[in-house]
Amino acid sequence: MSKIGILSMQRIINYGSFLQAFALKSMLESLGHQVEFVDYHPGKTLSPVSGKFRKAYNILKLNAPFPHRIQYLNFKRQFAGKYHSSLGLNVNPNYQAEVDILVIGSDEVFNCTQDNPDVGYAPELFGSGNHAGKVITYAASFGNTTLDKLDKYEKTPEIASLLSQIKSFSVRDENSQNIIRSLTGRIPEVHLDPVLIYDYIGKCSLPRIDTRTKYLLLYAYPGRITDAESEWIRNYAAWKGLKIYAAGGVQRYADRLITCSPFELLSYFANAQEVITDTFHGTIFSVITRRPFVSIIRKSIGGSYGNEEKLTDLLKRLDLSDRYVRSIYETHDVMKREINYQKTEQIIAVQRRKTEEYFRKETGRAGS
């Protein structure tokens, strides 16, 4: 048995970060290891940042029901106290953990050019200053950070040096694979996100929810669904005879805002008639609950936070490229097409075996 530390986005307040962290910890524990989370010191952002108070202000002024805005802010404020104990997290960060193996990932641990002040440019996320026998990664991602952005912020040499000290690489997308190959000359393995690899539906007893109301689940962060998209979604849901349930953020025409536990969220996905999302994990939640869904692809333009790199790669790997749209007006045609989830689950089954082989090889003995 090895003592393993996970250096990830476990304290970021959103459902995807929580569920990927829970899944990775559970997988490593199932292999007989002692597992704990390791924290990093958020660094100064390389790009302009709005700040935490500005983000709260932006939510309050969104064109959405005022009670939903207050409900969402309270949800974000209370999330850590309610749910982080399920990950084994304490209020005090665990910075100096001495472990046999440090696993960096999953999630966007390498996305160092984002404007999130809870992350910023943190060299620890690239292995700096660790107290581990060896360092590996799992399904790590640069998100929408590119080689051009690393050059722009003059971080390429430093990151290349840090990456060269990592024993084994696993990433979750082609963009991340190409960056590491360019900076180190090594070709990382590619694995699926832990939320896909861990069998949430088979291993977790999901909470029951009220299923009497038929609804469309809109899973997107606040402010990313435009007014025009909101109008279209409202009309589409009305035509389908569905209420609009929003999760992950407040939305203009939502009939209800869902703020619940991460495990209850999967129940809301499982019981949705349809799902519209523009997030990576919203897409994954739709897949593991076998829902009809559409994923909206957004480019990174200026300071906007795009999802194109990670979402197109994910859907391609699952042979679901026909589920994404670049315009909300394409949604109706996509929803008409049935999803062959049997084929998708065969792909996931192969990837589960691949992940287990990777961890058995890399965590069998520290320093091997």
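These numbers were taken from a predicted model, which means no experiment stands behind them.

Student: I'd like a rundown of the overall build of the protein, residues and numbers included.
Tutor: For the protein, the count of helices and strands is 14 helices and 12 strands. Here the C-alpha atoms of the protein give a radius of gyration of 20 Å, agreeing with the 21 Å that 2.2 N^0.38 yields for 368 residues. Principal-axis analysis of the C-alpha atoms places the extent of the protein at approximately 60 × 45 × 35 Å. A fraction of 77% describes how many contacts in the protein between residues 6 or more apart in sequence connect residues 24 or more apart. Surface summary for the protein: the accessible area is close to 16000 Å², and the carbon and sulfur share equals 48%. Once the 48 positive and 39 negative side-chain charges of the protein are each reduced to a mean point, those two points are 4 Å apart.

Student: With reference to specific residues and values, describe the sheet that holds strand 1 (residues 3–7).
Tutor: The four strands lie next to each other as 2-1-3-4, forming an open sheet whose pairing is parallel. Sheet topology places strand 2 (34–38) and strand 4 (132–137) at the edges, where each strand pairs with a single neighbour. Direction aside, the axes of adjacent strands within the sheet are offset by 25 degrees on average. Pairing analysis gives five bridges linking strand 3 (residues 99–104) to strand 4, with the strands arranged parallel. Residue pairing for strand 4: V99 is matched across the bridge by A132. Running over the sheet, helix 1 (residues 15–30) touches strand 1, strand 2 and strand 3 and is turned about 150 degrees from strand 2. Across the sheet, helix 14 (residues 341–363) lies against strand 1, strand 3 and strand 4, angled at about 160 degrees from strand 4, the strand it touches most.

Student: A description of the pattern of salt bridges should follow, citing residues and the corresponding values.
Tutor: Side chains that carry opposite charge are capable of pairing whenever their charged atoms lie near each other. Counting across every chain of the model gives 25 salt bridges. Linking R298 and D278 is a salt bridge whose minimum nitrogen-to-oxygen distance equals 2.8 Å. Of this pair, R298 sits in the loop between strand 11 (293–296) and helix 12 (308–317) while D278 sits in the loop between strand 10 (274–277) and helix 11 (280–288); the two residues are 20 residues apart in sequence, bridging distant segments of the chain. D278 matches R298 in its accessibility class, with the two residues each being buried.

Student: Could you give me a rundown of the pairing of strand 8 (residues 243–247), with the residues and numbers involved?
Tutor: Judged by how many residues are buried, strand 8 sits mostly within the fold: four of five residues are covered. Pairing of strand 7 (residues 215–219) with strand 8 involves five bridges; the strand directions are parallel. When the sheet's bridge partners are listed, L216 is paired in strand 8 with I244. One ladder, built from three bridges, connects strand 8 with strand 9 (residues 256–258); its direction is parallel. Counterpart to A247 in the pairing with strand 9 is I258.

Student: Break down the sheet that holds strand 12 (residues 324–325) for me, with residues and values.
Tutor: Hydrogen bonding along the main chain pairs the strands of a sheet, whether they run parallel or antiparallel. Reading across the sheet, the six strands line up as 9-8-7-10-11-12 and stay open at both edges, with parallel pairing between neighbours. Every other strand in the sheet has two partners, leaving strand 9 and strand 12 as the edge strands with one partner each.

Student: Residues and numbers for the packing of aromatic side chains, please.
Tutor: The full count for this structure, using the stated rule, is 27 aromatic pairs. Here F22 and F263 contribute two aromatic rings whose centre-to-centre distance is 5.2 Å and whose plane-to-plane angle is 80 degrees, an arrangement assigned as edge-to-face. With F22 in helix 1 and F263 in helix 10 (residues 262–270), this pair connects stretches of sequence that are 241 residues apart. The burial state of F22 is the same as that of F263; both residues are buried. Taking 5.4 Å as the distance between ring centres and 75 degrees as the angle between the ring planes, the aromatic pair formed by F269 and F285 counts as edge-to-face. Pair noted here: F269 is in helix 10 and F285 is in helix 11, with a separation of 16 residues, a long-range link. The same class applies to F269 and to F285, which are both buried. Between the NZ or CZ atom of R172 and the centre of the ring of F280, over which it lies, the distance is 3.8 Å.

Student: Can you explain empty space enclosed by the protein? Please cite residues and give values.
Tutor: If you walk through the whole model with that rule in mind, you get three cavities of 30 Å³ or more. Lining the largest cavity are I13, N14, Y15, Y72, F75, K76, Y219, Y221 and G248. It is helix 3 (residues 66–83) that contributes the most residues to the lining of the largest cavity, three residues altogether.

Student: Residue-level account of helix 10, with values.
Tutor: The buried fraction of helix 10 amounts to seven of the nine residues, a majority that puts the element mostly inside the structure. If you check which residues of helix 10 are buried, you get P262, F263, L265, L266, S267, Y268 and F269.

The rules we used
Residues numbered from 1 in each chain as written. Predicted model: local features only at pLDDT ≥ 70, side-chain atom pairs only at ≥ 80, totals over all residues. Heavy atoms only, no water. Helix = DSSP H or I, 4+ residues; strand = E, 2+ residues; numbered from the N terminus. Rg over C-alpha atoms; globule rule 2.2 N^0.38 Å. Contact = heavy atoms within 4.5 Å. Areas by Shrake-Rupley, 256 points an atom, 1.4 Å probe, with all protein chains shown as cover. Lys, Arg positive; Asp, Glu negative; His and termini not counted. Charge placed at Lys NZ, Arg CZ, Asp CG, Glu CD. Pairing = 2+ DSSP bridges. Axes fitted to C-alpha atoms, helices over the stretch in contact; angles between N-to-C directions. Salt bridge = Lys/Arg side-chain N within 4 Å of Asp/Glu carboxyl O. Buried < 20%, exposed > 50% of the residue type's maximum accessible area, 1.4 Å probe, protein only. Phe/Tyr/Trp six-rings, centres within 6.5 Å; stacked < 30°, edge-to-face > 60°. Lys NZ or Arg CZ within 6 Å of the ring centre and 35° of its normal. 1 Å grid on protein atoms, 1.4 Å probe; cavity = no way out; pocket = protein on both sides within 12 Å on 5 of 7 lines; lining within 4 Å. Points joined across faces, edges and corners; volume = space filled by probe spheres on them.

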